[in-house]
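Below are the chains, spelled out letter by letter.
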Amino acid sequence: MIVNRAFYREIVQTGFVVTAVFVVLYVVITLVSLLAKAAAGKLPADVIFALLGLQTVKNLSVILPLAMFVGILMTLSRWYRDSEMTVLAACGIGLMHFLRPAWVIAGVFAIIVGLVSFYFAPLATSVIAKIRAENTDAARAGILPGEFQRSKKDGAIFYVEDVDADGALRNIFAHSPQLGRLGVVVAQSGYHYTDPRTGEHYLVLEHGKRYEGVPGRADYRILSYQTYAMRIESPAQQTRTIGLDETSSRELWDSDDPVHRAEWQWRLAKPLALIILAPLALVFAYTDARRGRFANLFTAMLLYFLYANLLGFAHALLKQGRVSVDFGLWWVHGLMALLAAYLLWRRAYHRPLLPGGLRA
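Presented here is a report on the structure given in the accompanying data block. What you are looking at is a predicted structure, and each value in this text was computed from that prediction instead of being measured. The residue numbers shown here count from 1 along each chain, following its written sequence. Under the rules for a predicted model, residues below a pLDDT of 70 receive no local features and side-chain atom pairs below 80 are neither given nor counted, while totals for whole chains, interfaces and linings still include all residues. For side-chain calculations, the full set of non-hydrogen atoms in the structure is used, while hydrogens and water are omitted.

### With respect to the overall build of the protein chain
Working step 1: When you go through the protein chain residue by residue, the secondary structure sums to 10 helices and 6 strands.
Working step 2: When the 360 residues of the protein chain are sorted by exposure, 41% land in the buried category.
Working step 3: If you sum the accessible surface of the protein chain, you get close to 19,700 Å²; carbon and sulfur atoms cover 63% of it. Where helices and strands are cited, they refer to DSSP runs of H or I of at least four residues and of E of at least two residues respectively, numbered from the N terminus. Accessible area is worked out with a 1.4 Å probe on protein chains only. A residue is then buried under 20% of its type maximum, exposed over 50%, and partly exposed in between. Here the open area of atoms and residues is found with the Shrake-Rupley method and a 1.4 Å probe, where only the protein chains shown may cover a residue.

Listed below in structure tokens is the structure:
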């Protein structure tokens, strides 16, 4: 049908634009956060874009449902505003006609969101955790800016004031014994080096001085140097525990643990919510020229975030064991499905959405 094809085409175009806008906003915000961590020395610069891509994939299951919801709202709102819905109604094509096409669109989005939620998001989360564990300075060499650190082997103490985005160390202080003599070493800059043959970690200092001995005694010395290598203790390898959001969906399904079942329902909630959001978008796409185009859009967004927050609240109750697994998140979906069916029925028959004759 020509109307359905026009509906699909415009929804896809609008949804693509909205998704692109949301993704760009998320990428910019996340990139700023990652760059700040890299500047503080908490992350090496060479993993920033890998983490950015993985985190974007991980959060597509949140971005896509909102993009679909806004896409349907904007498309039908324009049709109402340009009187196209009025013309269609005069031809016998009412609002209920668009329920099936809206569910088709929602079903396509639900498949994509389901793949992300059940497979790609846990995989991306696992890779992100591994990258962070392997590439943070604390894991690679035990060097943390702004903290005094002590080697357990020889008692050496060193301090790094700051770490640049490229990994260069700034304003370094070290106190260590050498040939039985205590010394204090200071340097303007330096870097971390790992011997590829032995795997030993070194703190390489540049353009500094070593103060050796006891001040006031004849054997007290001040030495200037261009490069000074100081061996530091390799960080202890720690066993990384797999987080709940990294666990595969198959393991969650096979487990009888209520916490695992709660996580599985949480992943299912994202694609399932799309089927309920589609009729809600049809309801609130209605535009009354006398009241303006943004009143219903604002109400629709409030209802969307209410739905999302109720799911988060129910998920927290489920993880804490305060709600049974059988009850789970289903009560939120059921409540919103009943509300969507009721509002769509009233909208289709041109009745006020709210009691007392108030029209939304």
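### Focus on the pattern of salt bridges
Working step 1: Any carboxyl oxygen of Asp or Glu that lies within 4 Å of a side-chain nitrogen of Lys or Arg is treated as forming a salt bridge with it. Under the defined criterion, the tally for this structure stands at 5 salt bridges.
Working step 2: In this structure, Glu212 engages Arg210 in a salt bridge whose closest nitrogen and oxygen atoms are separated by 2.9 Å.
Working step 3: For Arg250, the salt bridge goes to Asp254, with nearest N and O atoms at 3.2 Å. With a gap of 4 residues between them, Arg250 and Asp254 both fall in helix H7 (residues 249–254), about one helical turn apart. The pair formed by Arg250 and Asp254 is uniform in burial state, with each residue classed as exposed.

### What about the packing of aromatic side chains?
Working step 1: A pair of aromatic rings is counted whenever rings of Phe, Tyr or Trp (Trp by its six-membered ring) have centres within 6.5 Å, and the orientation is called stacked for planes under 30 degrees apart, edge-to-face for over 60 and tilted otherwise. In the structure shown here, the tally under the stated rule is 13 aromatic pairs.
Working step 2: Judged by centre distance (5.0 Å) and plane angle (80°), the rings of Tyr119 and Phe120 are edge-to-face.
Working step 3: Joined through ring pairs, the aromatic side chains of Phe7, Tyr8, Trp79 and Phe98 make up one cluster.

### Re helix H3 (residues 60–81)
Working step 1: Its 22 residues place the ends of H3 31 Å apart at the C-alpha level, agreeing with the 32 Å of an ideal helix rising 1.5 Å per residue.
Working step 2: Summarising burial for H3: 17 of the 22 residues are buried, a large majority.
Working step 3: Directly after H3, the chain includes Ser83, whose backbone phi takes a positive value near 65°. To estimate the expected span of a helix, count its residues, drop one, and scale the result by 1.5 Å.

### A few points about the packing of H3 against helix H8 (residues 258–284)
Working step 1: Axis definition: a line fitted to C-alpha atoms, limited for helices to the stretch in contact. Angles are taken between N-to-C directions and run from 0 to 180 degrees. Where H3 meets H8, the axes come as close as 9 Å, and the angle between the chain directions of the two elements is 20°. Here H3 is positioned roughly parallel relative to H8, judged by the angle of their axes. For H3 against H8, the interelement crossing comes out right-handed. Only Lys270, Leu274, Leu277, Ala278, Leu280, Ala281, Leu282 and Phe284 of H8 make contact with H3, whose side of the interface consists of Ser61, Pro65, Met68, Phe69, Ile72, Leu73 and Leu76.
Working step 2: Amino acid classes used here: Ala, Val, Leu, Ile, Met, Phe, Trp, Tyr, Cys and Pro are nonpolar; Asp, Glu, Lys and Arg are charged; the rest, including Gly, are polar. Considering only residue class, the contact of H3 with H8 consists of 13 nonpolar, 1 polar and 1 charged. Every angle not falling under 35 degrees, over 145, or within 65 to 115 is termed oblique; those three ranges are roughly parallel, roughly antiparallel and roughly perpendicular. Handedness of a crossing follows from how the near helix is turned relative to the far one, being left-handed for an anticlockwise turn of less than a right angle and right-handed for a clockwise one. Any two residues whose heavy atoms approach within 4.5 Å are treated as being in contact.

### Things to note about the nonpolar core
Working step 1: Working definition of a nonpolar core: buried Ala, Val, Leu, Ile, Met, Phe, Trp, Tyr and Cys residues. They are joined through side-chain atoms within 4.5 Å. Residues Trp79, Phe98, Leu280, Leu282 and Phe284 are the most contacted members of the largest nonpolar core, which totals 55 residues.
Working step 2: Mapped onto this core, the elements with two or more residues apiece are helix H1 (2–39), H3, helix H4 (84–90), helix H5 (99–135), H8, helix H9 (294–319) and helix H10 (330–348).
Working step 3: Dropping the residues within four chain positions of it, Phe98 is found in contact with Val3, Phe7, Trp79, Met85, Leu88, Ile93 and Leu282.
Working step 4: The next biggest cluster of nonpolar side chains, apart from the first, holds 15 residues, and it includes Ala156, Leu169, Met230 and Ile232.

### Quick look at the environment of Pro65
Working step 1: In this structure, Pro65 sits in helix H3.
Working step 2: With a relative accessible area of 6%, Pro65 lands in the buried category.
Working step 3: Residues Pro65 and Val113, 48 residues apart in the sequence, show an inter-C-alpha distance of 7.7 Å.
Working step 4: The residues contacting Pro65, other than those within four sequence positions of it, are Leu60, Val113, Lys270, Leu274, Leu277 and Tyr304.

### Description of a nonpolar patch on the surface
Working step 1: Residues with no salt bridge and a relative accessible area higher than 30% make up the patches, which join like charges within 9 Å and nonpolar side chains (Val, Leu, Ile, Met, Phe, Trp, Tyr) within 5 Å. Where nonpolar side chains cluster on the molecular surface, the patch consists of Val57, Ile111, Leu115, Tyr119, Phe120, Leu123 and Val127 and spans about 620 Å² of accessible area.
Working step 2: Examining the composition of the nonpolar patch, we find that 6 residues originate from one element, H5, more than from any other.
Working step 3: With respect to the helices, strands and loops of the structure, Val127 is situated in helix H5.
Working step 4: Using a relative accessible area of 31% as the deciding quantity, one classes Val127 as partly exposed.

### Observations concerning the environment of Gly328
Working step 1: Note on placement: Gly328 falls in the loop between H9 and H10.
Working step 2: Judged by its relative accessible area of 0%, Gly328 is buried.

### Here's the deal with the side chain of Gln265
Working step 1: Within the fold, Gln265 resides in helix H8.
Working step 2: On the accessibility criterion, Gln265 (8% relative accessible area) is buried.
Working step 3: For Gln265, the contacting residues outside a window of four places in its chain are Leu318, Val325, Gly328, Leu329 and Trp330.

### Points about helix H2 (residues 48–58)
Working step 1: Among the residues of H2, Ile48, Leu51, Leu52, Gln55 and Thr56 are the ones counted as buried. In a view along the axis of H2, the buried residues occupy a sector of 130°, so they form one face of it. The arc in question is formed by the directions pointing from the helix axis toward the C-beta atoms.

### Some details on unusual backbone geometry
Most peptide bonds take the trans configuration, and most residues that are not glycine carry a negative phi.
Working step 1: One non-glycine residue, Asn171, lies in the positive phi region at around 55°.
Working step 2: Mapped onto the secondary structure, Asn171 falls in strand S3 (residues 169–178).
Working step 3: A relative accessible area of 40% means that Asn171 is categorised as partly exposed.
Working step 4: Here His207, not a glycine, exhibits a phi torsion of approximately 55°, which is positive.
Working step 5: Relative to the elements of secondary structure, His207 occurs in strand S5 (residues 201–212).
Working step 6: The partly exposed category is assigned to His207, whose relative accessible area is 43%.

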